[in-house]
Amino acid sequence: MPQFYGTELRSRLLLGTARYPSPASLAEAVRRSGTDIVTVSLRRETAGGRSGGAFFELVRELGVRVLPNTAGCHSVSEAVLTAKMAREVFSTDWIKLEVIGHHDTLQPDVFGLVEAARILTGEGFEVFPYTTDDLVVAERLLEAGCKVLMPWCAPIGSAMGPQNLQGLRAMRAEFPDVPLIVDAGIGRPSHAATVMELGYDAVLLNTAVAGAADPAAMAEAFAKAIEAGHMAFHAGLLEPRDMAVPSTPVIGKAVFS
Amino acid sequence: MKLTINGEEHELPAATLAEALALLEYEDDWLATAVNGELVHRADRANHHLRDRDRIEVLSPMQGG
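Residues numbered from 1 in each chain as written. Chains lettered and ligands numbered in written order. Predicted model: local features only at pLDDT ≥ 70, side-chain atom pairs only at ≥ 80, totals over all residues. Heavy atoms only, no water.

In the nomenclature of an unreviewed UniProt entry, chain B is known as Thiamine biosynthesis protein ThiS of Sinorhizobium americanum.

Note the threshold: UniProt positions are given in the numbering used here, feature names are shortened, and annotations may be inferred rather than shown by experiment.
The name given to chain A in an unreviewed UniProt entry is Thiazole synthase, with the source organism recorded as Rhizobium fredii. Here chain A is described in UniProt, under the heading Pathway (unreviewed entry), as follows: "Cofactor biosynthesis; thiamine diphosphate biosynthesis." Listed under Function (unreviewed entry) in UniProt, the entry text for chain A is "Catalyzes the rearrangement of 1-deoxy-D-xylulose 5-phosphate (DXP) to produce the thiazole phosphate moiety of thiamine. Sulfur is provided by the thiocarboxylate moiety of the carrier protein ThiS. In vitro, sulfur can be provided by H(2)S."

In structure tokens form, the structure reads like this:
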């Protein structure tokens with residue numbers, strides 16, 4: 001099973017906790033997915049508010065590890081401060097680092113991302129950077145101290161599925177020993193299976209499960225697709241070819257005329 | 001003293017961050033706080049003296065992806 005910063009996981013599915021129809025549906029989806037990592041966030045609490053505490057209690061009861069994010073941060077300073085505040089609340093050094101660079105696509109600001117990653121790893125954080133499939137940026141993130149990379153496959157929440165398979169394939173080939181998680185843009189179990197067939201270690205997704213008519217069933221469907229894709233990669237996939245190849249032996253074929 | 005807490009203006013008789021949180025009835029177990037863009041640890045809130053027009057952020061766990 002994959003290891004992230006020395007922690008071995010039971011599941012190759014990381015599940016976001018946003019946008020479920022109800023807390024109960026979130027809990028059921030988490031249980032049925034088999035995941036042991038859920039992503040969480042931080043937002044302003046209202047005076048006298050109890051919403052954050054209620055949500056945190058729910059997550060605690062699920063018995064899973066939390067991966068706090070810096071979602072919505074558009075600058076290095078915002079992301080760094082949010083990460084520190086997340087560590088205060090969730091008592092973990094893990095941080096899913098987002099530094100958003102573009103309003104419409106939510107594409108990472110990769111320059112800010114590398115800078116923030118360097119600051120945070122220097123302060124003892126174990127950084128999961130949400131990045132693009134750019135190999136040079138990936139190299140810089142590793143130099144900055146990241147030991148996991150999380151390339152997107154399509155814009156967050158778009159459900160478009162992998163837009164650049166060659167880019168993801170190249171990243172897998174370039175960093176054979178780095179745990180790689182595809183984050184963002186997965187819409188269907190077949191998308192998840194496809195990226196796992198490339199040899200990725202895990203998939204992080206949220207909206208495709210939370211927005212399904214039956215989130216719990218979809219969570220299980222994703223878990224199965226991810227395992228299938230992983231198993232297929234290690235089983236050795238056939239390369240496509242241009243011409244037909246008979247699968248039934250030709251030798252011994254009857255001659256009727 | 002005038003304070004901006006989570007973007008809203010407040011006039012509070014609070015000398016420390018802990019007092020300000022108590023006056024506004026924030027429950028303390030899961031909150032993270034920052035003053036003027038700097039993290040203030042839970043253990044330091046009672047000793048963190050506020051100044052007029054400080055900007056305070058009070059965050060708590062929320063659903064995320």
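Once the structure has been displayed, the description carries forward.
## Here's the deal with the overall build of chain B
The test is simple: A helix here means a DSSP run of H or I that spans at least four residues, while a strand means a run of E at least two residues long, and both kinds are numbered starting from the N terminus. It is over C-alpha atoms that the radius of gyration is taken, and the globule rule equals 2.2 Å times the number of residues to the power 0.38. Three labels apply to residues, based on accessible area from a 1.4 Å probe with only protein chains included: buried if under 20% of the type maximum, exposed if over 50%, partly exposed otherwise in between.
Scanning chain B for helices and strands turns up one helix and five strands. Secondary structure elements of chain B occur, N-terminal to C-terminal, as β-β-α-β-β-β. Here the C-alpha atoms of chain B give a radius of gyration of 11 Å, agreeing with the 11 Å that 2.2 N^0.38 yields for 65 residues. Each of the three principal axes of chain B carries a C-alpha extent, and together these read 35 × 25 × 20 Å. With 65 residues in all, chain B has 46% of them scored as buried.

## A word on helix H1 (residues 23-33) of chain A
Residues spaced three or four apart along an α-helix face the same direction, because each turn holds 3.6 residues. Residues and elements named next belong to chain A. Rule in force here: Any two residues whose heavy atoms approach within 4.5 Å are treated as being in contact.
Along H1, the residues classified as buried are Ser25, Leu26, Ala27, Ala29, Val30 and Ser33. Lining the buried residues of H1 we find strand S3 (13-16), strand S4 (37-44), helix H2 (51-62), helix H8 (207-210) and helix H9 (215-235). Gly34 occupies a position one or two residues after H1 and carries a positive phi of about 75°.

## Here's the deal with the environment of Arg118 of chain A
Of note, Arg118 of chain A is situated in helix H4 (residues 110-122). Put simply, Arg118 of chain A and Pro155 of chain A are 37 residues apart on the chain and 24 Å apart in space, counted from C-alpha to C-alpha.

## Describing the UniProt feature "domain: Thiazole synthase ThiG" (unreviewed entry) in chain A
Annotation from UniProt places "domain: Thiazole synthase ThiG" (unreviewed entry) at residues 4-249 of chain A. Between the end C-alpha atoms of residues 4-249 of chain A the distance is 46 Å, and the span holds 42% helix and 15% strand.

## Brief notes about the interface of chain B and chain A
How we decide: A quick way to say it: buried area is the sum, across both parts, of accessible area lost when two parts are put together, with a 1.4 Å probe. A pair is scored as a salt bridge if a Lys or Arg side-chain nitrogen falls within 4 Å of a carboxyl oxygen belonging to Asp or Glu. Nitrogen and oxygen atoms within 3.5 Å of one another constitute a polar contact, given that in protein one can donate a hydrogen and the other can accept it, and given that sequence-neighbouring residues count only through two side-chain atoms. Ten residue types, Ala, Val, Leu, Ile, Met, Phe, Trp, Tyr, Cys and Pro, are classed as nonpolar, four, Asp, Glu, Lys and Arg, as charged, and the remainder, Gly among them, as polar. Note on pairing: DSSP must find at least two bridges between two strands before they are called paired.
Listed per partner, the contact involves 27 residues of chain B and 30 residues of chain A. Summed over both sides, the interface of chain B with chain A buries roughly 2,400 Å², with 60% coming from carbon and sulfur. Seen at the junction of chain B and chain A, the total is two salt bridges. One can count 15 residue pairs in polar contact (both at pLDDT 80 or more) joining chain B with chain A. Secondary structure elements with two or more residues in the side of chain B that touches chain A: strand S3 (32-35), strand S4 (38-40) and strand S5 (54-63) of chain B. In the side of chain B that touches chain A, the residues fall into twelve nonpolar, nine polar and six charged. Pairing between S4 of chain A and S5 of chain B: five bridges, direction antiparallel. Residue pairing for S5 of chain B: Arg43 of chain A is matched across the bridge by Ser60 of chain B.

## A short note on the state of the cysteines
Residue and element names in this part refer to chain A. Short version of the rule: When two cysteine sulfur atoms lie within 2.5 Å, the pair is treated as a disulfide.
On inspection of all chains with the given rule, the structure shows zero disulfides over all chains. Summary of cysteine pairing: Cys153 is not part of a disulfide, and the nearest cysteine sulfur, belonging to Cys146, is at 20 Å. What makes Cys153 buried here is its relative accessible area of 5%.

## Description of the packing of H1 of chain A against H2 of chain A
All names here are of chain A. Operational definition: Whenever a helix is involved, its axis is fitted only over the stretch in contact; in every case the axis is a line through C-alpha atoms, and angles between N-to-C directions fall within 0 to 180 degrees. Note on angle classes: values under 35 degrees are labelled roughly parallel, values over 145 roughly antiparallel, values of 65 to 115 roughly perpendicular, and the remainder oblique. By definition, any crossing whose near helix is turned counterclockwise from its far helix by less than a right angle is left-handed, and any crossing with a clockwise turn is right-handed.
Between H1 and H2, the shortest axis-to-axis distance is 11 Å and the interhelical angle comes to 25°. Looking at the two axes, H1 sits roughly parallel to H2. Handedness of the crossing formed by H1 with H2: right-handed. Packed against H1, whose contacting residues are Pro23, Leu26, Ala27, Val30 and Arg31, the element H2 presents Phe55, Leu58 and Leu62 at the interface. Residues of the contact of H1 with H2, tallied by class, amount to seven nonpolar, no polar and one charged.

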